[in-house]
Number of protein chains: 2
Amino acid sequence: MIKIGLYGYGNIAKGVECAIMQNEDMCLTSVFTRRDPSTVKVMTEGVSVYHTDDILNHKDEIDVLVMCGGSATDLPEQTPKMAEHFNVVDSFDTHKRIPEHFSNVDEKAKKGNKVAIISVGWDPGMFSLLRLYGGAILPEGADYTFWGKGVSQGHSDAIRRIDGVIDARQYTIPVDSALEAVRSGSQPQLTTRQKHTRECFVVVEEGADKERIEREIVTMKNYFDEYDTTVNFISMEELQKNHSGIPHGGFVIRTGKTGKNKENNHVIEYSLKLDSNPEFTSSVIVAYARAAYRLNKEGDNGCKTVFDIAPKYLSVKSNEELRASLL
Amino acid sequence: MIKIGLYGYGNIAKGVECAIMQNEDMCLTSVFTRRDPSTVKVMTEGVSVYHTDDILNHKDEIDVLVMCGGSATDLPEQTPKMAEHFNVVDSFDTHKRIPEHFSNVDEKAKKGNKVAIISVGWDPGMFSLLRLYGGAILPEGADYTFWGKGVSQGHSDAIRRIDGVIDARQYTIPVDSALEAVRSGSQPQLTTRQKHTRECFVVVEEGADKERIEREIVTMKNYFDEYDTTVNFISMEELQKNHSGIPHGGFVIRTGKTGKNKENNHVIEYSLKLDSNPEFTSSVIVAYARAAYRLNKEGDNGCKTVFDIAPKYLSVKSNEELRASLL
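Residues numbered from 1 in each chain as written. Chains lettered and ligands numbered in written order. Predicted model: local features only at pLDDT ≥ 70, side-chain atom pairs only at ≥ 80, totals over all residues. Heavy atoms only, no water.

*Asks:* Help me understand the pattern of salt bridges, please; the structure alone is not making it clear to me.
*Replies:* Opposite charge on two side chains allows them to pair when their charged atoms are near. Residues and elements named next belong to chain A. Overall, the coordinates contain 40 salt bridges over all chains when judged by the stated rule. For Lys-110, the salt bridge goes to Asp-106, with nearest N and O atoms at 2.9 Å. Separated by four residues within a single helix, Lys-110 and Asp-106 lie in helix α3 (residues 98-112), roughly one turn from each other. The partner of Arg-254 in a salt bridge is Asp-143, and the shortest N-O contact between them spans 3.2 Å. Of this pair, Arg-254 sits in strand β12 (residues 248-258) while Asp-143 is found in strand β7 (residues 141-147), placing the two residues 111 residues apart along the sequence. Take Asp-143: its relative accessible area is 29%, and that puts it in the partly exposed class. Here the salt bridges share partners, and the residues they tie into one network are Asp-157, Arg-160, Asp-167 and Arg-169. (Salt bridge = Lys/Arg side-chain N within 4 Å of Asp/Glu carboxyl O. Helix = DSSP H or I, 4+ residues; strand = E, 2+ residues; numbered from the N terminus. Buried < 20%, exposed > 50% of the residue type's maximum accessible area, 1.4 Å probe, protein only.)

Printed below as a string of structure tokens:
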């Protein structure tokens, strides 16, 4: 059994906890929190909750530590620190800062002779893989990533910070005509506005100035100003009834040409339709936790990404079984 | 530059030759044929054609030898033989015989300290990878592979062998309602007949008994008897005008559930729409030829499949570039 520890206990951690129950070769052993451990109640029987300050006293209980904090401030500090002592997996998703994060984690993981796999999930993660495979197979082509339909937490939070707003949910939606243009193989140049629209459901305080709030949303720099955004004001009941899930998904499409005169067109399309964004991310993380464990057992160390991991390491099946049943 | 040799010069070899032109780090150096070399004309300037009997005299010209024969009789014999002397890639696609082929090739590749990658293409190949990734991420689920719309060479050949038939083209077509049922996440049990239909375009001799021919097609064991098959008799002109391409494609769909009470449903879908089946297969082969070269340079040897190859080895980009641009 691969013994998994969780660093943090939010949405991703709970998703990992559920995913472990579906993987026969793994068990959850311990949860570490910055809160008072006595206030944290986990789902799995027999799992202890400790304060993060005590984590080094529990090294023997853990084969892989899953880092469940946020990308803004938690993971840049926590993942390198823990990578010196544990095999770790994180879902660091600030694309621009990945090279910096990689190098910080790599140094510590090598020092501690541990394997660290960063930026695991679906984007970065599975979508990154599909971009790599697509580009390697069809070098003369273009790739396109579309997100949604799904809830963007960051955009929902941004709306909540507007004066007079009580709660909000923002959906990112890919534009059908853009998807069709891409699938045609014509390799269109698409602007931000042409690729996605944004739809907002907003609950406001009684008597709030809806016109002002709508204007503040649609003109918000970096979040909404480059998109066609629609704003719907709804009641708290409606928000809770119809918008309480955190679905997401998207598309990676690579089109390219082959042949002596580039006469043949090919379309590779990968899509995800997810009822729960954090639970799917967690399911990917758990598969890569298996890889981290196995690679370290083989003597490997240092920081890795999904690009560095041979697919066989993710599956519970033996290599013989994989070749006989899935190839 | 990675120096590529071709063993055989049919459809796959020509596709590899075209694909090499799109990859800046590779060049084609030599072609080996069982025919009289003077009768074989290749597209690329400056490439020599030799008889396969002479191949061991040209070891220095080749970093990776791409095996371009057929799976029925050529590759089971040729790939192990060559794997002792060259890094090789083949597209062996008889799913049931892969374990046996793997073990034959592995023995020789290890003996010669070479890397051999077998069963490369899209199925086996990319579809296999997607089945593995999907199952590792969503262990409680089901996967479905659909093929088409595309030309099946084997089925077209089978029709051609019927008395009175001059030429034929057979398309395998996935059934839309089956695809939709799978995408719903309901994990339906589907029979062979429910998943695909077969459509045939047949040119017959003047005065041939069309009724008999149609009956022979639709009742043909292992090829058509388990499918709903439609037969269209057309003229040779029409066949050449409308059915001369070899398009193919298909879908790998994995659906599965997550959550404490399995309340969340997820759909992973990968699809290919290919104008040229052999050229796409060749494009995948060329990416894996790069991997074979690099792995052997790192000191690795033995037989591999797509499951054993970390994605980074397929791309011409450096690891730093991949992390910065695609992750």
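Now that the structure is up, let's keep going.
*Asks:* Help me out: how do you make sense of the side chain of Gln-170 of chain B in this one?
*Replies:* Residues and elements named next belong to chain B. Here Gln-170 lies in strand β9 (residues 165-174). A relative accessible area of 0% places Gln-170 in the buried class. A polar side-chain atom of Gln-170 sits 3.0 Å from a polar atom in the side chain of Arg-198. With residues near it in sequence (within four places) discarded, Gln-170 still touches Gly-150, Val-151, Ser-152, His-155, Ser-156, Ile-159, Arg-198, Glu-199, Cys-200 and Phe-224. (Polar contact = N/O pair within 3.5 Å; in protein donor to acceptor, adjacent residues only side chain to side chain. Contact = heavy atoms within 4.5 Å.)

*Asks:* Explain the pairing of strand β4 (residues 64-67) of chain B to me, please; I cannot follow it from the model alone.
*Replies:* A regular strand places its side chains so that they alternate between the two faces of the sheet. Residue and element names in this part refer to chain B. In β4, alternate side chains face the same way, and those of Val-64 and Val-66 on one face and Leu-65 and Met-67 on the other are all buried. As paired elements, strand β1 (residues 2-7) and β4 share four bridges and run parallel to each other. Note that in β4 the partner of Ile-4 across the bridge is Val-64. In the sheet, β4 pairs with strand β5 (residues 87-89) via three bridges, with the strands oriented parallel. The residue bridging Val-64 from the neighbouring strand is Asn-87, located in β5. Crossover handedness for the path β4 to helix α2 (residues 74-83) to β5: right-handed. (Pairing = 2+ DSSP bridges. Right-handed = clockwise from strand over helix to strand, strands pointing away.)

*Asks:* Would you mind showing me how to read the environment of Val-64 of chain B here?
*Replies:* Residues and elements named next belong to chain B. Tracing the backbone shows Val-64 in strand β4. Taking the C-alpha atoms as reference points, Val-64 and Ala-292, separated by 228 residues in sequence, lie 7.2 Å from one another. Aside from chain neighbours lying at most four places away, what touches Val-64 is Ile-2, Lys-3, Ile-4, Gly-5, Asn-87, Val-88, Val-89, Ala-289, Ala-292 and Tyr-293.

*Asks:* Please explain the layout of surface pockets as it appears in this structure.
*Replies:* Rolled over the atoms, a probe as big as a water molecule pinpoints where empty space is left. Put simply, the second largest pocket is a space of about 1,700 Å³. Taken together, 50 residues line the second largest pocket, and the ones lying closest to its centre are Asp-93, His-95, Asp-123, Pro-124 and Asn-277 of chain A. At the level of secondary structure, the elements contributing two or more residues to the lining of the second largest pocket comprise α1 (11-21), β7, α5 (153-160), α7 (192-195), β10 (196-204) and α10 (277-297) of chain A together with α11 (319-325) of chain B. For the lining of the second largest pocket, the element with the highest residue contribution is α5 of chain A, accounting for four residues. Tallied by class, residues from the lining of the second largest pocket come to 18 nonpolar, 22 polar and 10 charged. (1 Å grid on protein atoms, 1.4 Å probe; cavity = no way out; pocket = protein on both sides within 12 Å on 5 of 7 lines; lining within 4 Å. Points joined across faces, edges and corners; volume = space filled by probe spheres on them. Nonpolar A, V, L, I, M, F, W, Y, C, P; charged D, E, K, R; others polar.)

*Asks:* Sorry, what's going on with the interface of chain A and chain B here?
*Replies:* It is common to give the size of an interface as the accessible area that goes away when the parts come together. Each partner contributes residues to the interface: chain A has 64 residues there, and chain B has 64 residues. The three residues of chain A that bury the most area against chain B are Gln-22, Arg-323 and Leu-327 of chain A, which together make up 15% of that side's buried surface. Seen at the junction of chain A and chain B, the total is two salt bridges. Here Asp-308 of chain B makes a salt bridge to Lys-312 of chain A, at a shortest N to O gap of 3.5 Å. (Buried area = accessible area lost by both parts, 1.4 Å probe.)

*Asks:* Honestly, unusual backbone geometry in this entry has me stumped. Any pointers?
*Replies:* Residues other than glycine predominantly adopt negative phi, and peptide bonds predominantly adopt the trans conformation. Here Gly-148 of chain A and Lys-149 of chain A are connected by a cis peptide whose omega angle stands at 0°. Even without a glycine there, the phi angle at Asn-113 of chain B is positive, about 55°. Along the chain, Asn-113 of chain B falls in the loop between α3 (98-112) and β6 (115-117). Here Asn-113 of chain B falls in the partly exposed class, since its relative accessible area comes to 43%. Residues other than glycine seldom take positive phi values, yet Gln-187 of chain B does so here, at roughly 50°.

*Asks:* Could you clarify how one ought to interpret the relation of the copies chain A and chain B in this entry?
*Replies:* To go from the first copy of the chain to the second, apply a rotation about an axis and then a shift along the same axis. Mapping chain A onto chain B calls for a screw motion: a turn of 180° about the axis and a shift of 0.0 Å along it, with 0.0 Å RMSD after fitting. Between the two chains, the operation in question is that of a two-fold axis. For chain A, the minimum C-alpha distance to the rotation axis belongs to Ala-310 of chain A and amounts to 1.9 Å. Interface overlap between copies: 100% of the residues of chain A at the interface are likewise at the interface in chain B, consistent with a symmetric, same-surface contact. (Least-squares fit on C-alpha atoms with pLDDT ≥ 70 in both.)

*Asks:* How should empty space enclosed by the protein be read in this particular structure?
*Replies:* Tallying each qualifying case throughout the model produces one cavity of 30 Å³ or more. By volume, the largest cavity amounts to about 40 Å³. Forming the walls of the largest cavity are Ala-136, Ile-137 and Pro-139 of chain A together with Ala-19, Gln-22, Asn-23, Ser-283, Val-286, Ala-287 and Arg-290 of chain B. The set of elements that each furnish at least two residues to the lining of the largest cavity consists of α4 (126-137) of chain A together with α10 (277-297) of chain B. With four residues, the single largest contributor to the lining of the largest cavity is α10 of chain B. In terms of residue class, the lining of the largest cavity is built from six nonpolar, three polar and one charged.

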